[in-house]
Amino acid sequence: MEQKPFSQACENNKKPILQQLKKAFSNVNNVLEIGSGTGQHAVYFAHKLPHVQWHCSDVEEYHEGINQWIDDFPSKNLHRPFALKLARDEWASSSVLSNQPFDGIYTANTAHIMLEHEIQSLMHSVATHLPKSGVFCQYGPFIVDGKFTSQSNQEFHEKLLLSGRGGYRDIDQLAAWAPQLVLSTKVDMPANNMMLVWQAK
C-alpha cells in the first residue's frame, strides 16, 4: 500500500495546538477543519477531543492521504473529507450527516498559502456562517502590526511570493475582512507561529 503522506511540522506542533483547542473548543460540538492536508491533525485531535464531531475538508488531491490516516487511526467522531476549495466551492455551514451547524472551525498553516481572494473568502465565509458564540481557531505565522515576528518568517514570506503563493497576512487585515468576528485570544506558539482564536458576535 502507498505510504501515508507525512508532515514533520504537523507532528511537531500537534501537542501545543491541542492545548489551545482544548480551551477554545471546550463548549463546541461540531468542528469543520479547513485544509486537512495530510490528515495527521484530524486523527490526533478527534481522538483527543471526543466531545466534538471532527469534519475534514480539503481539495480533492489530498483526500486519499487523509483517508489513509483515518483508516489507520479511526475515531467514531472523525468524519471523512469533503471537497472544499475557498472561492470555488459552496461553503458548508453544517454537517450533512447531522445537519448540525459547525460551531467550531479550525485551520492550520493555510492563510499564508492562499491567494488574497481565497483568504478573504475564508474570513468572510467564517464570519457569515459561524453561529453566534461560535469559535474559529486559526494557526500559523502572521504579521503583527505590519511587522514580521522573525527574520526567518520574512524570508519565507518572500519565497512564498516568488512561488506564486499569497504570503503572510497581517492580523489587522484578517480582522478587517471579518468584522463580525472578535479576536478573543492571540497566543504565541513554537517556531514563530501563533494561534488566533476568533469568536462570532
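Throughout what follows, the structure given in this document is the object of discussion. All of these numbers come straight from a predicted model, not from anything done at the bench.

How each quantity is defined
Numbers given for residues are sequential positions, taken from 1 along each chain in its written order. Since the coordinates come from a predicted model, pLDDT governs what is reported: local features require at least 70, and pairs of side-chain atoms require 80 or more to be given and counted, while whole-chain, interface and lining totals use all residues. As a rule here, side-chain values cover all heavy atoms of the structure and leave hydrogens and water aside. Burial classes: relative accessible area under 20% of the type maximum marks a residue as buried, over 50% as exposed, and values in between as partly exposed (1.4 Å probe, protein chains only). Labels follow the DSSP assignment, with helices taken as runs of H or I lasting at least four residues and strands as runs of E lasting at least two, numbered in each case from the N terminus. Residue contacts are defined here by distance: any two heavy atoms, one from each residue, within 4.5 Å place the two residues in contact. Each nonpolar core is a collection of buried residues, namely Ala, Val, Leu, Ile, Met, Phe, Trp, Tyr and Cys, held together in the definition by side-chain atoms within 4.5 Å. Two kinds of site are reported from a 1 Å grid over the protein atoms alone, namely cavities, where a 1.4 Å probe fits but cannot get out, and pockets, open sets with protein on both sides within 12 Å along at least five of seven lines, and residues are called lining when an atom falls within 4 Å of a point. Grid points are joined across faces, edges and corners, and a volume is the space filled by probe spheres set on the points. As a working rule, the residues Ala, Val, Leu, Ile, Met, Phe, Trp, Tyr, Cys and Pro are called nonpolar, Asp, Glu, Lys and Arg charged, and the rest polar, with Gly in that last group.

## Focus on helix H3 (residues 63–72)
Then comes step 1: Among all positions in H3, only His 63, Gly 65, Ile 66, Gln 68, Trp 69 and Ile 70 are buried.
Then comes step 2: Against the buried residues of H3 lie helix H2 (40–48), strand E2 (53–58) and strand E3 (78–83).

## As for the nonpolar core
Then comes step 1: Residues Leu 21, Phe 25, Phe 45, Trp 54, Tyr 106, Cys 137 and Met 195 are the most contacted members of the largest nonpolar core, which totals 29 residues.
Then comes step 2: Residue assignment for this core shows that the elements contributing at least two residues are helix H1 (8–24), H2, E2, H3, strand E4 (104–108), strand E5 (135–140), strand E6 (181–189) and strand E7 (193–200).
Then comes step 3: With five residues, H2 is the single largest residue contributor to this core.
Then comes step 4: Residues within four places of Leu 21 in sequence aside, it is in contact with Ser 26, Phe 45, Leu 49, Trp 54, Tyr 106, Cys 137 and Met 195.
Then comes step 5: Core analysis: the next-biggest nonpolar cluster, separate from the first, contains 27 residues, Phe 102, Val 126, Phe 142 and Leu 196 among them.

## Remarks on the layout of surface pockets
Then comes step 1: Size it by volume and the largest pocket reaches roughly 840 Å³.
Then comes step 2: For the largest pocket, the lining is made up of 29 residues, of which Asp 58, Tyr 62, Asn 109, Thr 110 and Ile 113 are closest to its centre.
Then comes step 3: Every element with two or more residues in the lining of the largest pocket is listed here: H1, strand E1 (30–34) and E2.
Then comes step 4: Considering every element that reaches the lining of the largest pocket, the biggest residue donor is H1, with three residues.
Then comes step 5: Taken together, the residues of the lining of the largest pocket sort by class into 12 nonpolar, 11 polar and six charged.
Then comes step 6: Its volume calculated, the second largest pocket comes out at about 200 Å³.
Then comes step 7: As for the second largest pocket, its lining consists of 14 residues, of which Asn 13, Tyr 139, Pro 190, Ala 191 and Asn 193 are closest to the centre.

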